[in-house]
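An overview of the molecular structure
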Amino acid sequence: MSATFGGRSGRQGKLSRWLLGRRPKEAADDGGREALLLAAAAASLPLAPAAHPAPGYRCSCDRVGCPTPARHPVSFAWQTQSTTDRAQIERWARHQPQANFITATGMVHDVLDVPLEAGREALERLLSSGVEVGPVAESDDGRMLFFTLTRGTPEDEDEWWPCELDCHPETMDEHPGLRWHCRGSYVLVPPARLPGDDQQVRWLRGPEHALPDPLSLLEALTDACARYTGAQSAAWPLRH
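Numbering of residues begins from 1 in every chain and follows the order in which that chain's sequence is written. Per-residue local features of the predicted model are confined to residues with pLDDT of at least 70, and side-chain atom pairs are confined, for both listing and counting, to 80 or more; whole-chain, interface and lining totals are unaffected and use all residues. With hydrogens and water excluded, all non-hydrogen atoms of the structure serve as input to the side-chain values.

Quick word on the overall build of the protein chain
For the purposes of this entry, the term helix denotes a DSSP run of H or I that reaches at least four residues, the term strand denotes a run of E that reaches at least two, and both are numbered from the N terminus. Scanning the protein chain for helices and strands turns up seven helices and eleven strands. Working definition: with a 1.4 Å probe on protein chains only, accessible area under 20% of the residue-type maximum means buried, over 50% means exposed, and in between means partly exposed. The buried share among the 240 residues of the protein chain stands at 48%. Between two residues, a contact is recorded if the distance between any of their heavy atoms is within 4.5 Å. Pairs at least 24 apart in sequence give 76% of the contacts found in the protein chain among residues at least 6 apart. Surface exposure here means Shrake-Rupley accessible area, sampled with a 1.4 Å probe, where a residue is shielded only by the protein chains that are shown. With the model as given, the accessible surface of the protein chain reaches about 12300 Å², and the carbon-plus-sulfur share is 52%.

Below, the structure is given as structure tokens:
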């Protein structure tokens with residue numbers, strides 16, 4: 001992994017804002033994908049190649065009936081493979097033009113993963129309160145991802161904890177509220193494509209925003225998730 005973390009030039013910030021202001025399809029079609037991936041790496045998010053959608057809502061991997069199509073790393077060694085090295089990411093992006101990319105959490109950053117409705121409510125509350133919110137991504141499968149600093153470091157192993165369940169999106173129905181991706185987990189990094197027509201993962205707030213402490217966001221996110229899951233539970237008898 002790159003040893004230089006947190007550096008953001010004015011040029012990079014302008015590039016990210018310019019790309020974010022364009023339509024996702026347009027950016028992907030003219031090379032914006034690579035620029036966005038490099039911007040994420042420059043913000044210290046370690047990346048590794050992932051699968052991509054195949055015709056018929058299938059996955060590009062060879063697994064029959066893949067339970068997480070287009071949402072998982074290509075290599076089982078994704079944790080050690082993940083990097084912020086610009087040259088390596090350029091090679092991957094150019095040699096695998098359809099590939100999605102994941103970012104491994106728990107090294108430099110964590111991700112607080114919440115239902116989309118709860119995330120929108122919390123984001124509005126946080127911004128109106130003047131809280132420093134970092135990068136935020138929105139996924140068309142109904143989730144919002146808040147990127148934060150990690151709560152653990154290699155020198156402080158007791159602060160790290162695994163979240164194996166978070167590596168398996170097929171368990172989402174069992175975890176409808178907040179999921180904390182930390183050591184041993186990953187998320188798709190924008191821009192990414194999901195199975196279905198124009199289904200994507202995109203930045204709402206780009207990687208030029210500094211990573212905040214997760215605890216500064218946690219109360220707003222957990223409150224919003226509690227209201228969301230309460231509303232879902234109340235509606236459950238009406239659906240069955």
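Moving on, there is more to tell.
A short note on unusual backbone geometry
The omega angle of the peptide bond from Pro 190 to Pro 191 is -5 degrees, so this bond is cis rather than trans. As for its position among the elements, Pro 191 is in the loop between β9 (186-189) and β10 (192-193). Positioned with a positive phi, Tyr 57 is a non-glycine residue whose angle comes to about 60 degrees. Residue Tyr 57 is classed as exposed on the basis of its relative accessible area of 58%. Look at Ala 70: it is not a glycine, yet its phi comes out positive at around 70 degrees. Summarising the element assignment, Ala 70 is placed in the loop between β3 (58-59) and α4 (78-81).

Considerations on the pairing of strand β6 (residues 136-139)
If a strand is regular, its side chains alternate between the two faces of the sheet. Neither face of β6 is open: one carries Val 136 and Glu 138, the other Ala 137 and Ser 139, and all of them are buried. One requirement defines pairing of two strands: DSSP has to find at least two bridges between them. Note: β6 against strand β7 (residues 143-149), four bridges, orientation antiparallel. The residue bridging Ser 139 from the neighbouring strand is Arg 143, located in β7. Hairpin remark: β6 followed by β7, antiparallel, with three residues in the connecting loop; positive phi at Gly 142, about 95 degrees. Where β6 and strand β11 (residues 200-205) come together, four bridges link them in antiparallel fashion. Paired with Val 136 across the bridge in β11 is Arg 205.

Concerning the packing of aromatic side chains
Working definition: an aromatic ring pair is given by the centre-to-centre distance plus the angle between the planes. Any two of the Phe, Tyr and Trp rings considered here, Trp counted by its six-membered ring, make a pair once their centres fall within 6.5 Å; the pair's planes then place it as stacked at under 30 degrees, edge-to-face at over 60, or tilted in between. Tallied over the full model, the rule gives three aromatic pairs. Ring centres of Trp 92 and Phe 101 lie 6.4 Å apart, and the angle between their planes is 50 degrees; on these two criteria the pair is classed as tilted. Residue classification places Trp 92 among the buried positions, given a relative accessible area of 11%. Taking the relative accessible area as the measure of exposure, Phe 101 reaches 1% and is therefore buried. Centre to centre, the rings of Phe 147 and Trp 203 are 5.1 Å apart; their planes meet at 55 degrees, and the pair counts as tilted. Here Trp 203 lies in strand β11 and Phe 147 lies in strand β7, a separation of 56 residues in the sequence. Judged by relative accessible area, which is 0%, Phe 147 ranks as buried.

Some details on the sheet that holds β10
The antiparallel open sheet is built from six strands, whose spatial order is β8-β5-β7-β6-β11-β10. Edge positions in the sheet fall to β8 (179-181) and β10, since each of these pairs with one other strand and no more. With two bridges joining them, β10 and β11 adopt antiparallel strand pairing. Its bridge partner lying in β11, Arg 193 is registered against Gln 200. Note on definitions: angles span 0 to 180 degrees between N-to-C directions of axes, and those axes are lines fitted to C-alpha atoms, for helices only across the stretch in contact. Packing of helix α6 (residues 116-128) onto the sheet brings it into contact with β5 (109-115), β6, β7 and β11, and relative to β7 it is tilted by some 45 degrees.

Examining the confidence of the model for the protein chain
A residue's pLDDT is the predictor's confidence in that residue, given on a scale from 0 to 100. Averaged over every residue, the pLDDT of the protein chain is 80; residues scoring 70 or more account for 72%. Per-element mean pLDDT across the protein chain ranges from 40 in helix α2 (residues 24-29) up to 98 in β6. Here residues 1-30 scores under 50 on pLDDT; set against residues more than four positions off or in separate chains, the count is 39 contacts. For residues 156-175, every residue scores under 50 in pLDDT, and the model assigns this stretch 41 contacts once sequence neighbours within four places are set aside.

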